[in-house]
Amino acid sequence: MHGQPRKPLKQEDESLLSAKAAKLRTLQSQFFANHRDRIYTQEALDLSAKLLETNPECYTAWNYRKLAVQHNLSRSDPDYVAFLFHQELKLVENALRKNYKSYGAWYHRKWVLSKGHSSIDDELRLLNGFQKADSRNFHAWNYRRFVTSLMKRSDEDELIYTEEVIGENFSNYSAWHNRSVLLSNLFKSKAEEFPLEEKVLQEYEHVRSAIFTDPDDQSGWFYHLWLIDLTVKNYAPLLVSSWPSHGSNITLNGNNCIYGCGLSLLNSTLSDTRTLPVILYFNQAVEGINLSTVAVKSELLKEDLVWKPLSTNNSSTAQVWGAYLNLGNMELEQSKTYSIKITIGHSMGIVSSNGYQYGDPYQIAFKLCVQTASTKPVEEQGGKLTSWKDNNFQKIDHFEDSDSIVSADLHIPTTSDWCMKAIEEEITTFRDLLSEEKCKIGKLSLARLLTALDLITHQHDKRKNHTEEVLKLYTDLMELDPTHSLYYKDEHSLVLLKQITSSRESLLPYCCYYKDATEANTSYVCLRLQNLSLSRMGSFENLLWVQMLDLSHNDLRSIEGLEAMQLLSSLNLSHNKFGSFTVLGPLRSLKSLKVLDISYNKIGSHSIDTRRYLCSSPLANTEVFAWDRFEILCGSFSATKFWEAFLIFESLNLTDLNATGNAVADENFTSFIVKVLPTLKWLNSEELA
Amino acid sequence: MEELAAEKHVRYILSVEKKKDSFESVVMEHLRMNGAYWGLTALDILGKLDTVDVDEVVSWIISCQHDSGGFGGNVEHDPHILYTLSAVQVLALFNKLDVIDVDKLTSYIVSLQNEDGSFSGDIWGEVDTRFSYIAICCLSILRRLDRINVEKAVKYIISCKNMDGGFGCTPGGESHAGQIFCCVGALAITGSLDLIDKDLLGWWLCERQVKSGGLNGRPEKKPDVCYSWWVLSSLIMIDRVHWISKEKLIKFILDCQDVENGGISDRPDDAVDVFHTYFGVAGLSLLEYPGLKPIDPAYALPVDVVNQIFFSKTSTNVIK
Ligand SMILES: [Zn+2]
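- Naming follows an unreviewed UniProt entry, where chain B appears as Geranylgeranyl transferase type-2 subunit beta of Vicia faba.
- According to its UniProt record, chain B has this under Sequence similarities (unreviewed entry): "Belongs to the protein prenyltransferase subunit beta family."
- Recorded in UniProt for chain B, the comment headed Subunit (unreviewed entry) runs: "Heterotrimer composed of the alpha subunit RGTA, the beta subunit RGTB and REP; within this trimer, RGTA and RGTB form the catalytic component, while REP mediates peptide substrate binding."

- Chain A carries the name Geranylgeranyl transferase type-2 subunit alpha in an unreviewed UniProt entry, which gives Vicia faba as its organism.
- UniProt, in the comment section headed Catalytic activity (unreviewed entry), describes chain A in these words: "geranylgeranyl diphosphate + L-cysteinyl-[protein] = S-geranylgeranyl-L-cysteinyl-[protein] + diphosphate".
- In its Function (unreviewed entry) section, the UniProt entry covering chain A states "Catalyzes the transfer of a geranyl-geranyl moiety from geranyl-geranyl pyrophosphate to cysteines occuring in specific C-terminal amino acid sequences."

Quick look at the structure:
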């Protein structure tokens, strides 16, 4: 029930209503008798009509009408057939006047029309009446799309209709929506008559007048964002970054431990299993990464690479793809350099979810060489507790060549002039708007436009970017619109991370050498992004090289996207806002992860788990719960209590885990986790016996 | 701030069932199955499901199943997928799924999938993404999802995605919070949430919160308690619920209570009904309001009921 006042009923209303109720009940039981006995006489039809005119929501009566039509159609008299269908249309019209939100009534009309016995010429006139009465009624709009396609009315004519509706009142989200549908169709089907650039420029002007008339009215907001997307988006899939990156040199030492090139000795999985990850990072989710679309040439290659999407979902598409190069059976010669060439997109088959083909063949060439064994034997994994204290880290003045800190080498194809011009013009007009009025959509649009401009001018000039201004806009928005402050904070975090990771120079202040107390000679690069008020992680395309990452003391709730960081071996997530184990889902695909600190978070203190469906699990039908294994490992522990932890940790090989300071981390949890993680040497900073 | 008048709501829900002769309840008779689901789930969240006569409810539900396997909204009413889901959900609440003919029910749902992956609501052929959700949710609860073409079903849902990141009833249909819940829920249950632009949809959804703290279902519409469910559960499934103010929404829902006679309405001072009482209570549960059982955002059942289905020894036996 909607929009009915709560006031108590007066006595006479009540008696009137109960009389009405009794009448309706009699009507219903007569109707059900007819329905049961399949009586479709005119008298019975009139009775069901009366019922539907009183209560259009009685769906069984609409079904009965359809049965009646089918039954009575057997009488072939054409006049009668015409009458029959006319009668149905009239009834629907009456029912809709009673309740124009009745699904059953609208569908009955569609059903009648699709039988092809009635004229559709009057439908638009009828519809215009309903749309005038309620210009946002989505049943009417749906029906309009149905009728116009049935009568083959052109998209151009419908586009004019939406213009008229918007002209009468710009505050009509339904009309803007329909415009986006019609234009999308026209861009696809009549690309020559409807050149995207010309139309998009007109549409900017069109929607601008709506936004500027009343900046608080949301009708044009989403349409405007859609236009920005149409202007700058690369629809074709592109490779954004890779590990190893093009031109890099990777050194293995005699023990087959990989080091140098930012690869530390910590990373023992790589040496244990003698495999080398290869990661491809695209600008959007793609499918079709396989032997025929990605060619790898190297004398090191003894078996075909198996490409896997790095994703927790069922779909075969992913933005990041990985494969492991197996060096296991190789006798690598000392001081010899092996070259590896990966060619992507030389043949068709890499496709985005919208059906666009990868169109920019690209080659990644890198070298691998073997050096004499390290002077010092590699200590067994987990031999020492990893300490994240400041005094274990040493600032870096400049990177060594061998550090090979990589930032994504974006090779975005040059954008057309009109894109740049369109965005710049929008920026000017939104600056004008803001000089008159401090509205949130003005600031938000400006922030988005500046970000878009930086994206398309990226390859021309990195220094002239607008990051500082964008960060300031988001900070202002947090204050201006506190209800949505965390949305702006998330955006702020992403922009900040883009800035920090944009180049080797910008990364330098955040990189440190990790020196553990006993091993002064070896040092590994750790990326320290702690204490930055980050509420969200991003820019993973620039972080594929990272093996040790400190994200502690931030406001993170999720690590979505971290699955791309296949080299990661030590991760500090302590003192954040993680609310459940499912949040850690992305870690499941990190084969190298050994050290994990999740202390002082909120795991176990929330009754509602917001990552429940983003994590691969039986709930999402992405995984079968391994009950047998669970039972063997965990015995008496309740599955409903520990399934999340079981799912996350079961596939990991951690040697060092810190989970203190979480509501979940009681004694039961401790004895449970030790069973799930047999590789564990350190738990909560204490050595396990 | 007002507090949740939990006891009054329980009494209100139990009383509705007894007012069978009011005009309102006669008009609503055709969706009594939905009503049973709303009322009973609300009672369970409030911790009072044990006040209900289980056998009476279950035998009434059985009497609503047709030979086709589908359920009607009430005895004598035709079968439709809308009521079939409610029947399955109520039986799941009572852990009584074994009392019905699951094979027959499964083939009913399977028979409603169309060539393009979409689902019809019944034999008459109305197509809507609501029905896609219902089919997927039902079959997943019954552990029979492998009986339909999931890939095609997902493709159809994605074909209903709009420029604002939301979803409509059919391709080209305008985004609507209720419809978005159905599509996001179906994608969640099929492990396909990666096909959603979470930031774009999240922004559209979080902008549903208006000044009063309530949520509306489409831009420039009035807030309504039922959207506390549709919008909130969608935001939770895509992990963007922190983009709205929970405190303000809690206040709005509590302001819609009838603190004297129990029940919750669409907006403050409107007439209460079971539908909004359920969505108000379920919304508060999603907001982690103290004293309420947590509810699952995709299956729209209490978390303990869902866990019992998916994480117990018996559940694995059912998997084919
Ligand atoms: Zn409502």
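Additional details are given in the paragraphs that follow.
1. Examining the interface of chain B and chain A
Part 1 of the reasoning: At the junction of the two partners, chain B supplies 97 residues and chain A supplies 88 residues.
Part 2 of the reasoning: Here chain B meets chain A over a buried area of about 8100 Å², counting both sides, of which 55% is carbon and sulfur.
Part 3 of the reasoning: Summed over the three residues of chain B that lose the most area to chain A, namely Trp124(B), Trp203(B) and Phe311(B), the buried surface amounts to 12% of that side.
Part 4 of the reasoning: Taken together, the connections running from chain B to chain A amount to nine salt bridges.
Part 5 of the reasoning: Notably, a salt bridge pairs Glu560(A) with Arg240(B), separated by 3.8 Å at the nearest N-O pair.
Part 6 of the reasoning: A total of six residues in the side of chain B that touches chain A trace back to one element, the largest contributor, which is helix 10 (residues 198-206) of chain B.
Part 7 of the reasoning: The class makeup of the residues in the side of chain B that touches chain A is 39 nonpolar, 25 polar and 33 charged.

2. Thoughts on the sheet that holds strand 18 (residues 682-683) of chain A
Residue and element names in this part refer to chain A.
Part 1 of the reasoning: The nine strands lie next to each other as 11-12-13-14-15-16-17-18-19, forming an open sheet whose pairing is mixed. Whereas interior strands pair on both sides, the edge strands pair on one side only; in this sheet they are strand 11 (393-395) and strand 19 (686-687).
Part 2 of the reasoning: Here strand 18 runs beside strand 19; their pairing, made up of two bridges, is antiparallel. Of the residues in strand 19, the one forming a bridge with Leu683 is Glu686.

Cut-offs used in this document
- Residues numbered from 1 in each chain as written.
- Chains lettered and ligands numbered in written order.
- Predicted model: local features only at pLDDT ≥ 70, side-chain atom pairs only at ≥ 80, totals over all residues.
- Heavy atoms only, no water.
- UniProt positions renumbered as here; feature names shortened; annotations may be inferred.
- Contact = heavy atoms within 4.5 Å.
- Buried area = accessible area lost by both parts, 1.4 Å probe.
- Salt bridge = Lys/Arg side-chain N within 4 Å of Asp/Glu carboxyl O.
- Helix = DSSP H or I, 4+ residues; strand = E, 2+ residues; numbered from the N terminus.
- Nonpolar A, V, L, I, M, F, W, Y, C, P; charged D, E, K, R; others polar.
- Pairing = 2+ DSSP bridges.

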